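Inside the fold
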Amino acid sequence: MTEYLITFNDEWVPAHTAEEIRAKGVAGRAVIAEMRAADVLIFSNGGLDRSTAVCSVESVDGRPVFTDGPYVETKEHLGGFAVVDVPDDETARYWAGRLATALDWPQEVHRFRGPGEARRSGSGER
């Protein structure tokens, strides 16, 4: 199996009312539940935007330099994501399509080059 990142940038999402966002949350969670039932979901999280950025950090002369909030030159912010473990690109596309239609905003699919590292045993290990 191969791990894929399905993601959207916050800037791709048009303005919504609070009620519309709640409805999108219900629709998105339903697709995540389908992923869980199909045993392909590794991890998911959403609701990320400028307001959730804690800090940015860059290396200056070999030392970390922290700045509050998002990196000022960044135009796009990760809005939410799901990491899935599926057999092929076609299956990753299927799940991204399910999210795109449930949420009615674009998704992007990235294939990880190899297995990642997990904090907990059983998560992401084969």
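This text gives an overview of the structure that appears in the document. Per chain, residues are indexed from 1 in the order of the written sequence. With pLDDT at 70 or above as the cut-off, local features in this predicted model cover only qualifying residues; side-chain atom pairs require 80 or more to be listed or tallied, and sums for whole chains, interfaces and linings still use all residues. Side-chain figures throughout are based on the complete set of non-hydrogen atoms in the structure, without hydrogens or water.

1. Some remarks on the packing of aromatic side chains
Centre distance within 6.5 Å is the pairing criterion for rings of Phe, Tyr and Trp, where only the six-membered ring of Trp is used; planes under 30 degrees apart are then read as stacked, over 60 as edge-to-face, and the remainder as tilted. Taken as a whole and judged by the stated rule, the model has two aromatic pairs. Ring geometry for F43 and F81: centres 5.7 Å apart, planes at 35°, overall tilted. Of this pair, F43 sits in strand β2 (residues 41–46) while F81 is found in strand β5 (residues 78–86), placing the two residues 38 residues apart along the sequence. A relative accessible area of 42% places F43 in the partly exposed class. Here the aromatic rings of Y94 and W95 are separated by 4.9 Å at their centres, their planes lie at 75°, and the arrangement is edge-to-face. With relative accessibility at 7%, the residue W95 sits in the buried group. For helices the rule is a DSSP run of H or I covering at least 4 residues; for strands it is a run of E covering at least 2, with both sets numbered from the N terminus onward. For every residue, the accessible area (1.4 Å probe, protein chains only) is compared with the maximum for its type, and the residue is labelled buried under 20%, exposed over 50%, or partly exposed between those bounds.

2. Here's the deal with unusual backbone geometry
Positive phi values are uncommon outside glycine, yet D39 reaches one of about 60°. Assignment of secondary structure puts D39 in the loop between α1 (18–37) and β2. Owing to a relative accessible area of 66%, D39 belongs among the exposed residues under this scheme. Phi at D104 is positive, roughly 60°, even though this residue is not glycine. With respect to the helices, strands and loops of the structure, D104 is situated in the loop between α2 (89–103) and β6 (108–111). By relative accessible area, D104 is classed as exposed at 59%.

3. Focus: α2
An α-helical turn contains 3.6 residues, so any two residues separated by three or four positions project in the same direction. By definition here, a helix of n residues has an expected span of 1.5 Å times n minus one. Taking 1.5 Å of rise per residue, 15 residues should cover 21 Å, and α2 covers 21 Å from first to last C-alpha, within 8% of that figure. For α2, every residue scored as buried is listed here: A92, W95, A96, L99 and L103. Summarising the axial view, the buried residues of α2 lie within an arc of 100°, below the 170-degree limit, and thus occupy one face. Turned more than 90 degrees away from the buried face of α2 sit E90, R93 and T101, all of them exposed. Of the residues flanking the end of α2, it is D104, one or two places downstream, whose phi is positive at about 60°. The arc refers to the directions leading from the helix axis to the C-beta atoms.

4. Brief notes about the side chain of D85
Position of D85 among the secondary structure elements: in strand β5. A relative accessible area of 12% places D85 in the buried class. A polar contact of 3.3 Å, which involves the side chain of D85, links it to the backbone nitrogen of T2. Side-chain atoms alone can form a polar contact between residues adjacent in sequence; in general such a contact is a pair of N or O atoms within 3.5 Å, and within protein one must be able to donate a hydrogen while the other accepts it.

5. Topic: the pattern of salt bridges
Each reported salt bridge corresponds to a side-chain nitrogen of Lys or Arg within 4 Å of a carboxyl oxygen of Asp or Glu. This model, assessed by the stated rule, comprises two salt bridges. Note that R98 is salt-bridged to E34, the shortest N-O span being 2.4 Å. Taken together, the residues span a long stretch of sequence, with R98 in helix α2 and E34 in helix α1 at a distance of 64 residues. Residue class for E34 comes out partly exposed when judged on its relative accessible area of 30%. Its salt-bridge partner being R111, residue D89 comes within 2.7 Å of it at the nearest N-O pair.

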